[in-house]
Structure formats: C-alpha cells, structure tokens
Amino acid sequence: MRFLYWIISIPLAVLIAVFAVSNRALVTISLWPLPFEIDLPLFLPIMIALLIGLGIGFAFEWLLQGKHRRAARRMDSELKRIKTDDTTPSTSNNDQKAIGQS
C-alpha cells in the first residue's frame, strides 16, 4: 500500500510543479463589489480553487459518513460491554462451596 502511495504521489507532485512553473503569468483578481484588486501568478488562484473544492468534497463526505461512524462507535462500545460481561466468572467461590465442591 505504501508503494502505491509513492507511485501516485511522486508523479502528481511533479505534475503540479510543472503546472506552477509554466503558469507564472500575472493575473488580476478583483472581487467585483469591493474595490480591492490583487495581482497573482495564474497557478495560485487555480490551486486555491482546487483546494477549496477538495475541502468542500471532504467535508461533504465526512458529513455523509457520520451515521456510519456513529454505528461503528455504538457497536464497538456494545462489543466492549459484552466482553467485560463475558469475563466475569459465572460462579463464585461461595457458590462452589454451597454445591459441595472445595
């Protein structure tokens, strides 16, 4: 699995670096109703937009998977409760003496 991570991440990092180097032309970013303008290299607004989209996607999936995480936590706590109930001895020393065992 670690090998697959490196096979994917190294070419992706090289691709991002090549994209950033080849798109260094300045663009003017202005938020229309506001009087602010800023000059940035072209790759920067594109990368920021991609990161914002990635963050929104991660947040959306995290919210959708919440019910599954809750169910897993509930099952884990139930399993722990069952394991602790299972480890308690069913008969104590006093019960064995009452039966006639020593």
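Just so it is clear, the model here is predicted, and its values are computed rather than measured.

Calculation notes
Residues numbered from 1 in each chain as written. Predicted model: local features only at pLDDT ≥ 70, side-chain atom pairs only at ≥ 80, totals over all residues. Heavy atoms only, no water. Phe/Tyr/Trp six-rings, centres within 6.5 Å; stacked < 30°, edge-to-face > 60°. Buried < 20%, exposed > 50% of the residue type's maximum accessible area, 1.4 Å probe, protein only. Pairing = 2+ DSSP bridges. Helix = DSSP H or I, 4+ residues; strand = E, 2+ residues; numbered from the N terminus. Contact = heavy atoms within 4.5 Å. pLDDT = per-residue confidence, 0-100. Axes fitted to C-alpha atoms, helices over the stretch in contact; angles between N-to-C directions. Parallel < 35°, antiparallel > 145°, perpendicular 65-115°, else oblique. Nonpolar A, V, L, I, M, F, W, Y, C, P; charged D, E, K, R; others polar.

> Which parts of the structure should I look at to understand the packing of aromatic side chains?
Each aromatic ring pair is described using two quantities: the centre-to-centre distance and the angle formed by the ring planes. For the structure on display, the rule yields one aromatic pair. The interplanar angle of 75° and the centroid separation of 5.2 Å between the aromatic rings of Tyr5 and Trp6 together place this pair among those described as edge-to-face. Using a relative accessible area of 46% as the deciding quantity, one classes Tyr5 as partly exposed.

> Any chance you could explain the pairing of strand 2 (residues 37-41) here in plain terms?
Both strand 1 (residues 26-30) and strand 2 contribute to a ladder of five bridges, which runs antiparallel. Within strand 2, the position partnered with Ser30 by the bridge is Glu37. Hairpin connection between strand 1 and strand 2: a loop of six residues separates the two successive antiparallel strands.

> What should I look at first to understand the side chain of Asn23 in this one?
Within the secondary structure layout, Asn23 lies in the loop between helix 1 (2-22) and strand 1. Once residues within four sequence positions are removed from consideration, Asn23 is found in contact with Pro41, Leu42 and Phe43.

> I'm lost on the confidence of the model for the chain in this one. Help?
The predicted structure's coordinates, where accompanied by low pLDDT, should not be read in detail. Mean pLDDT over the chain works out to 88, with 85% of the residues at or above the 70 mark. Across the chain, the secondary-structure element scoring lowest on mean pLDDT is helix 4 (residues 93-99), at 58, and the one scoring highest is helix 2 (residues 43-64), at 96.

> I tried to follow the packing of helix 1 against helix 2 on my own but got confused; where do I start?
Two measures define how a pair of helices packs: the angle their axes make with one another and the distance between the axes. Packing of helix 1 against helix 2 leaves a shortest axis separation of 9 Å and a crossing angle of 140°. For the element pair helix 1 / helix 2, the angle class is oblique. Contacts between helix 1 and helix 2 involve Ile16, Phe19 and Ala20 from the former and Phe43, Ile46 and Met47 from the latter. The class makeup of the residues in the contact of helix 1 with helix 2 is six nonpolar, no polar and no charged.

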